[in-house]
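Spelled out, the chains give:
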Amino acid sequence: MTSTRSFKQKLTKVFRHWKNEQHDLALSEVEELLKSWPGNAQLHILWASLVQLQEQPSHGLDEAKEALQRAVAIDPNSPGAAIELGHYLDSVEDNPRAASKAFTEGIRSARRLLMDGLLGQARALLQLGKRADALKCLMEWLYLANIDNPSGGNKSANGAPDILLRDPTGQILAIQLKGPFAVKIEELLQQLFPERILSE
Amino acid sequence: MEEDSDIADDLISGSLKRSKSYHEDYGKKTYKEIKELAAANPPDPKARQMKKLIEQAERLRQKGRGRRS
């Protein structure tokens, strides 16, 4: 049975064993799940984590690393695998340079996921008439956008930025809207600030 | 959660003891001793690596504890 319900039940067992420090049993359950769900990146991350926790290892550490690399390849936009690989590279292989590269990828994915969530939340809140809360989401989004793309945030072709923002440290950030979120952010700005001045 | 008085060998799993960062001669030291050696100036490289292994093992154990079952 490979239904979602069965998956959830087995995953519950995995975490019950894990919590009780029965890592071999948890690992067996994950291996059963992987037979039915080989393309699930999260399962590969769990497998790699449990292999590292075994007292009597049935797999090598190199296999744990390969499982993490597989998880990154299966789901390159998911931050979890890259971040877990970063921890492995730094802690187990004492390779901070490679770890930093993995963490950079994971952090970038996590930031973009958070930006997507903040934009969705802002739009939902506006529909509920919660303008102030929507504005908070937008401000957080703009702050992350500036971190995500600092070099692209200054001036557009006509020399003027699209948005000026004061960050939590008091610094003024100039942001140019572009990328996959630009149209949605522009729509959101029009709803939040219908009277705002648009430069041509 | 690891305690300062815990012995390194009790905190590092058998699997992680296969890492090149594991140093058997530091296995009987306490976590506190290892932290102090790792923080010394200059830092003790073996202690620094052992500290990372201890903290990785603890982090992974916590992943299991952080979920409702």
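Above this text you will find the structure in question.
Everything in this summary refers to the structure shown in the same document. Starting afresh in each chain, residues are numbered from 1 along the sequence in its written order. Going through the entries in the order they are written, you letter the chains from A and number the ligands from 1. Local features in this predicted model are restricted to residues of pLDDT 70 or higher, and side-chain atom pairs are both shown and tallied only at a pLDDT of 80 or more, whereas totals for entire chains, interfaces and linings draw on every residue.

Two residues qualify as being in contact provided that their C-beta atoms, derived from the backbone, are within 7 Å of each other. Contact residues are listed per partner, giving 19 residues for chain A and 21 residues for chain B. Among the elements that line the side of chain A that touches chain B, the one with the most residues is helix H1 (residues 4–19) of chain A, at 5 residues. Any residue outside Ala, Val, Leu, Ile, Met, Phe, Trp, Tyr, Cys, Pro, Asp, Glu, Lys and Arg is labelled polar, Gly included; the first ten of those are nonpolar and the last four are charged. In terms of residue class, the side of chain A that touches chain B is built from 7 nonpolar, 7 polar and 5 charged. Only DSSP runs of H or I with at least four residues qualify as helices, and only runs of E with at least two residues qualify as strands; both kinds are numbered from the N terminus onward.

Multiplying 1.5 Å by the residue count of a helix minus one yields the expected span of that helix. The end-to-end C-alpha distance of helix H5 (residues 79–91) of chain A, which contains 13 residues, comes to 18 Å, matching closely the 18 Å that a straight helix rising 1.5 Å per residue would cover. Our exposure labels follow a C-beta count within 10 Å of each residue's own C-beta, placed from the backbone: buried means 20 or more other C-beta atoms, exposed means 12 or fewer, and partly exposed covers the counts in between. Taken across its 13 residues, H5(A) has 11 buried, putting it largely inside the fold. Where H5(A) is concerned, the buried positions are A:Ala81, A:Ala82, A:Ile83, A:Glu84, A:Leu85, A:Gly86, A:His87, A:Tyr88, A:Leu89, A:Asp90 and A:Ser91. Along its buried surface, H5(A) packs onto helix H3 (41–53), helix H4 (61–74) and helix H6 (96–127) of chain A together with helix H3 (45–65) of chain B.

Okay, unusual backbone geometry next. That bond from B:Asn41 to B:Pro42 is cis: its omega, 0°, falls within 30 degrees of zero. Tracing the sequence through the fold places B:Pro42 in the loop between helix H2 (31–39) and H3. In this structure, A:Glu21 is a non-glycine residue whose phi angle is positive, near 60°. Within the secondary structure layout, A:Glu21 lies in the loop between H1 and helix H2 (23–36).

This paragraph deals with the environment of B:Met50. All names here are of chain B. Along the chain, methionine 50 falls in helix H3. In this structure the C-alpha to C-alpha distance between methionine 50 and lysine 32, which are 18 residues apart in sequence, comes to 12 Å. Dropping the residues within four chain positions of it, methionine 50 is found in contact with Ala8, Tyr22, His23, Tyr26 and Ile34.

Since the α-helix packs 3.6 residues into each turn, any two residues three or four apart lie on the same face. Residues and elements named next belong to chain A. Taking 1.5 Å as the rise per residue, H2 with 14 residues should run 20 Å; its terminal C-alpha atoms sit 20 Å apart, in good agreement. Looking only at H2, the buried set comprises His23, Ala26, Leu27, Glu29, Val30 and Leu33. Looking straight down H2, one finds that the buried residues subtend no more than 160° of arc, so they occupy a single side. If you follow the buried residues of H2, they end up packed against H1 and H3. Note that the arc is defined by the directions from the helix axis to the C-beta atoms.

A few words now on the nonpolar core. To define a nonpolar core, we join buried Ala, Val, Leu, Ile, Met, Phe, Trp, Tyr and Cys residues through C-beta atoms within 7 Å and take the resulting set. With 43 residues, the main nonpolar core has A:Val30, A:Trp47, A:Leu68 and B:Ile54 as its most contacted residues. Sorting elements by how many residues they give to this core places H3(A) first, with 9 residues. Apart from residues no more than four positions distant in its own chain, B:Ile54 is found in contact with B:Glu2, B:Ala8, B:Leu11, B:Ile12, B:Tyr31 and B:Ile34. Formed by 11 residues, the second largest nonpolar core is a distinct cluster that contains A:Leu118, A:Ala122, A:Trp141 and A:Leu188.

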